[in-house]
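# Analysis of the macromolecular model
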Amino acid sequence: MTNVAVIGSGTMGNGIAHVFAQHGFAVALIDINQPALDKALGTIGKNLDRQVAKGSLSEADKLATIGRITTFTSIADGVRKAELVVEAATENVDLKLQIFRDLDQHAPQEAILASNTSSISITKIAAVTKRTDKVIGMHFMNPVPVMKLVEVIRGYATSDPVTARIMEISRQLGKTPTEVNDYPGFVANRILMPMINEAIYSLFEGVAGVEEIDTVMKLGMAHPMGPLQLADFIGLDVCLAILRVLHDGLGNPKYAPCPLLVNMVMAGRLGSKSGEGFYSWTHGTKELVVAERFRK
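Residues numbered from 1 in each chain as written. Predicted model: local features only at pLDDT ≥ 70, side-chain atom pairs only at ≥ 80, totals over all residues. Heavy atoms only, no water.

### Here's the deal with the side chain of R131
Mapped onto the secondary structure, R131 falls in the loop between helix 6 (122-126) and strand 6 (135-140). Polar side-chain contacts of R131 include one of 2.8 Å to the side chain of D104. Within the structure, the side chain of R131 is placed 2.8 Å from the backbone oxygen of P108, a separation counted as a polar contact. Once you skip the residues sitting within four places of it in the chain, R131 turns out to touch L103, D104, A107, P108, Q109, A111 and L113. (Helix = DSSP H or I, 4+ residues; strand = E, 2+ residues; numbered from the N terminus. Polar contact = N/O pair within 3.5 Å; in protein donor to acceptor, adjacent residues only side chain to side chain. Contact = heavy atoms within 4.5 Å.)

### Some remarks on the side chain of E87
By secondary structure assignment, the location of E87 is in strand 4 (residues 84-87). Here E87 falls in the buried class, since its relative accessible area comes to 0%. Not counting the four nearest positions on each side in its chain, E87 is found in contact with I7, K96, I99, F100, A114, S115 and N116. (Buried < 20%, exposed > 50% of the residue type's maximum accessible area, 1.4 Å probe, protein only.)

### Describing the packing of helix 8 (residues 188-204) against helix 10 (residues 227-234)
Packed helix pairs are characterised by how far apart their axes lie and by the angle those axes make with each other. Their axes nearest at 9 Å, the elements helix 8 and helix 10 cross at an angle of 115°. Crossing of helix 8 against helix 10: the hand is left-handed. Judged by residue contacts, L192, M193, M195, I196, A199, I200 and L203 of helix 8 engage P227, L228, L230, A231 and I234 from helix 10. Counted by class, the contact of helix 8 with helix 10 contains twelve nonpolar, no polar and no charged residues. (Axes fitted to C-alpha atoms, helices over the stretch in contact; angles between N-to-C directions. Left-handed = near helix turned anticlockwise from the far one by under 90°. Nonpolar A, V, L, I, M, F, W, Y, C, P; charged D, E, K, R; others polar.)

### Remarks on the UniProt feature "domain: 3-hydroxyacyl-CoA dehydrogenase NAD binding" (unreviewed entry) in the chain
The sites that carry the UniProt feature "domain: 3-hydroxyacyl-CoA dehydrogenase NAD binding" (unreviewed entry) are, in the present numbering, residues 3-182. Between the end C-alpha atoms of residues 3-182 the distance is 26 Å, and the span holds 43% helix and 22% strand. (UniProt positions renumbered as here; feature names shortened; annotations may be inferred.)

Structure follows, in structure tokens:
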């Protein structure tokens, strides 16, 4: 396999394109507008520069990696030669279903169609295609060039050969693939999101402040970052969407999103991408600054 298409050029999409291109794959990076693609190429270039500065990549390899990425604003054009397509669009079920209808129509018949979804059912996505055996989840972790895990999710009809191929490709990328079955939240988010939600409840109910909650988890549980900082990094809207998938799919009240999280998303306080969540992200330093609303 040499030709891969990536749908979506945001944080996850450009990271996935970066990793595939760095490991020798020809990558078609697809988004709806050229400015988004240009921004993605700039991000990939900066991330590659960091690798060069650290000595983990040569300047020649950096240039070769960038040279393997071609951008497209049309799915039909971008996936024409693809042997594998990885969809990394916004975590919106209707959007993903439409993308997979388009992919089924335009990608070669033998192409594997993968989704980077963090919670949406692979079986549901596969059902809108005529190749349910070739649809699979390929859930990368953020930041993609750094994190080693790929959560490989088998839909109800995903075939053994397709699963084995995706496990093999993940290893080619220097990742550690872990096979899981298609249930709400899979494994990563089924465990992570209730922890984040409970941290938000602890803040909401006045058990402790933002810094205190994160300090307990960092120093007491050896987490590299606290759950509230991590929620800001993921995006509070994404956390809310995943919790709703868990709540709807499993019907258990323990997955009900905290009202504070719901209100913050409605108010547009989405974390680092909006400039404010539990922390403020607009002060221009690497210091963690608690958002004014949550300061004592």
